[in-house]
Every structure is written in C-alpha cells, then in structure tokens.
Amino acid sequence: MAPIAVADVIPDGTLAYFDESDQLKTISVHSLAAGKKVILFGVPGAFTPTCSMKHVPGFIEKAEEFKAKGVDEILLISVNDPFVMKAWAKTYPENKHVKFLADGSATYTLALGLELDLAEKGLGTRSRRFALLVDDLKVKVANVEEGGEFTVSSAEEILKAL
C-alpha cells in the first residue's frame, strides 16, 4: 500500500490508551480528528533513544505553540501495547497535551502505509517515524522519514507549516 500523502483522507482505525482514571479504553482516530486540526505523529518504539530524547519531547515542549496556532489534538502513535505506552507517558510528567496511543498490532500503521520492518533487529513490524498535519481528516502536511532518520518529522518542522 502507498504511504499516506498530502490531500489523502486519513483512514479510521481503533487505538488504545489509558484514561485519567487508569481505565483501558479504545478510541477511533476519526472521533479524535473529525472537524479538528490535529498532529498525528508516529515513532518506531517507546523508550527508544531518538523517540524518547528528541521526537516526543519536541512535541511536548511545543504543545502550547501548536495550540496557539489552532491545533486541537496532538496524537502520538507507536506500535506498542497500551501498558507500555502508559508507562512511557509517565516519564513525561510535564506533558499536558500529547496523547499516547497504542497501535499494538500495527493495524493502523499498516492502514497508513507507514510500516517499517525491523524484524532483523528483533523488533518486528513497527512504524516509520512520521508527522502528519491533518485538518478535518485531510492530510495537509506529510513528513515521513526514511529508515531511522530524524530530519523532517520534528515538532519544529510541523510548526513551520502552520
């Protein structure tokens, strides 16, 4: 499947997370994004160095700037289970706006066409590193990395597009 691109409508899909009451929930991507301006960004794995030290902190640090520019939701997706995503989210106590969403079986990542085969490294199917700016389900910016790079999918790059 071709990767999601500018002008495409994002597919719907179900992701998992823990709510404020520590209850496991599922939610549809369209319910989070319909009629809203959202940033959807994906990383290869929770607790991995580039994801944990650069990619996620950038979106947490710039969240207020995104909100001031009309972004309603900042959604982080990783091919990890919701328990791992909950534990990872707790390592960012300053986070107020980034939602940590689990795509445990890579179903949504595959629907986006953004899977990354890391079987050689013992990691199975993961997500490519990416950042999408979506307005009412339509992709306005699609910054997708090649391999393990971290050049175009940063919070700073998405901020430039707003």
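Residues numbered from 1 in each chain as written. Predicted model: local features only at pLDDT ≥ 70, side-chain atom pairs only at ≥ 80, totals over all residues. Heavy atoms only, no water.

Chemist: Sorry if this is basic, but what is going on with the overall build of the protein here?
Modeler: A tally of helices and strands in the protein yields 6 helices and 9 strands. The C-alpha atoms of the protein give 14 Å as radius of gyration, which agrees with the globular expectation for 162 residues (15 Å, within 12%). Taking all 162 residues of the protein together, 47% fall into the buried category. Contacts in the protein between residues at least 24 apart in sequence constitute 63% of all its contacts with a sequence separation of at least 6. Here the protein has roughly 7,700 Å² of accessible surface; of this, 52% comes from carbon and sulfur atoms. Once the 18 positive and 23 negative side-chain charges of the protein are each reduced to a mean point, those two points are 3 Å apart. (Helix = DSSP H or I, 4+ residues; strand = E, 2+ residues; numbered from the N terminus. Rg over C-alpha atoms; globule rule 2.2 N^0.38 Å. Buried < 20%, exposed > 50% of the residue type's maximum accessible area, 1.4 Å probe, protein only. Contact = heavy atoms within 4.5 Å. Areas by Shrake-Rupley, 256 points an atom, 1.4 Å probe, with all protein chains shown as cover. Lys, Arg positive; Asp, Glu negative; His and termini not counted. Charge placed at Lys NZ, Arg CZ, Asp CG, Glu CD.)

Chemist: Honestly, the confidence of the model for the protein in this entry has me stumped. Any pointers?
Modeler: In low-pLDDT regions, the fine details of the predicted coordinates are not to be read closely. For the protein, the mean per-residue pLDDT works out to 94, and 100% of the residues sit at or above 70. Confidence, read as mean pLDDT per element, is least for strand S6 (residues 115-117) in the protein (87) and greatest for strand S8 (residues 130-135) (98). (pLDDT = per-residue confidence, 0-100.)

Chemist: Looking at this model, I keep getting lost on the pattern of salt bridges. Mind explaining?
Modeler: Side chains that differ in charge, positive against negative, can pair when their charged atoms come close. The tally for this structure, following the rule as stated, stands at 7 salt bridges. Between lysine 36 and glutamate 73 there is a salt bridge, with the nearest N and O atoms lying 3.6 Å from each other. Pair noted here: lysine 36 is in the loop between helix H1 (29-33) and strand S3 (37-43) and glutamate 73 is in strand S4 (residues 73-78), with a separation of 37 residues, a long-range link. Of the residues examined, lysine 36 reaches a relative accessible area of 25% and is grouped as partly exposed. (Salt bridge = Lys/Arg side-chain N within 4 Å of Asp/Glu carboxyl O.)

Chemist: Can you help me understand the packing of aromatic side chains in this one?
Modeler: Aromatic ring pairs are reported here in terms of the distance separating the ring centres and the angle at which the planes meet. Throughout the structure, instances matching the rule amount to 7 aromatic pairs. For the ring pair phenylalanine 47 and tryptophan 88, a centre distance of 6.2 Å and an interplane angle of 45° mean the geometry is tilted. Residue phenylalanine 47 is located in the loop between S3 and helix H2 (49-61), and its partner tryptophan 88 is located in helix H4 (residues 82-89); the two are separated by 41 residues in the primary sequence. Judged by its relative accessible area of 1%, tryptophan 88 is buried. Ring geometry for tryptophan 88 versus phenylalanine 100: centroids 5.5 Å apart, planes at 90°, classification edge-to-face. In this pair, tryptophan 88 is assigned in helix H4 and phenylalanine 100 in strand S5 (residues 98-102), connecting sequence segments 12 residues apart. A network of ring pairs unites the aromatic residues Phe47, Trp88, Tyr92 and Phe100 as a single cluster. When the ring centre of phenylalanine 18 is taken as origin, the NZ or CZ atom of lysine 86, which lies over that ring, is 4.4 Å away. (Phe/Tyr/Trp six-rings, centres within 6.5 Å; stacked < 30°, edge-to-face > 60°. Lys NZ or Arg CZ within 6 Å of the ring centre and 35° of its normal.)

Chemist: Sorry if this is basic, but what is going on with the nonpolar core here?
Modeler: Here is a general trend for soluble globular proteins: nonpolar side chains tend to be buried in one another's company. Counting residues in each nonpolar core, the largest one holds 26 residues, and the members touching the most others are Ile39, Phe41, Phe59, Phe66, Ile74, Leu76 and Trp88. Secondary-structure elements contributing two or more residues to this core are S3, H2, helix H3 (63-68), S4, H4, S5, S8 and helix H6 (155-161). Counting residues per element, this core draws most heavily on H2, which supplies 4 residues. With residues up to four places along the chain from it excluded, the contact list for phenylalanine 59 reads Ile39, Phe41, Phe66, Ile74, Val98, Ala131, Ser153, Ser154, Ala155 and Ile158. Listed in part, the 20 residues of the second largest apolar core include Ile27, Leu40, Leu75 and Val139. (Core = buried A, V, L, I, M, F, W, Y, C linked by side-chain atoms within 4.5 Å.)

Chemist: How should I be thinking about the pairing of strand S9 (residues 138-144) in this particular structure?
Modeler: Pairing of S8 with S9, which is carried by 6 bridges, proceeds in the antiparallel orientation. Looking across to S9, one finds that valine 134 is bridged to valine 139. (Pairing = 2+ DSSP bridges.)

Chemist: Got a minute to help me understand unusual backbone geometry in this structure?
Modeler: Glycine aside, residues mostly have negative phi, and peptide bonds are mostly found in the trans state. Non-glycine residue phenylalanine 47 carries a positive phi angle of around 65°. On the basis of relative accessibility, which here comes to 46%, the residue phenylalanine 47 falls in the partly exposed class. Look at leucine 137: it is not a glycine, yet its phi comes out positive at around 75°. On the secondary structure map, leucine 137 appears in the loop between S8 and S9. A relative accessible area of 15% means that leucine 137 is categorised as buried.

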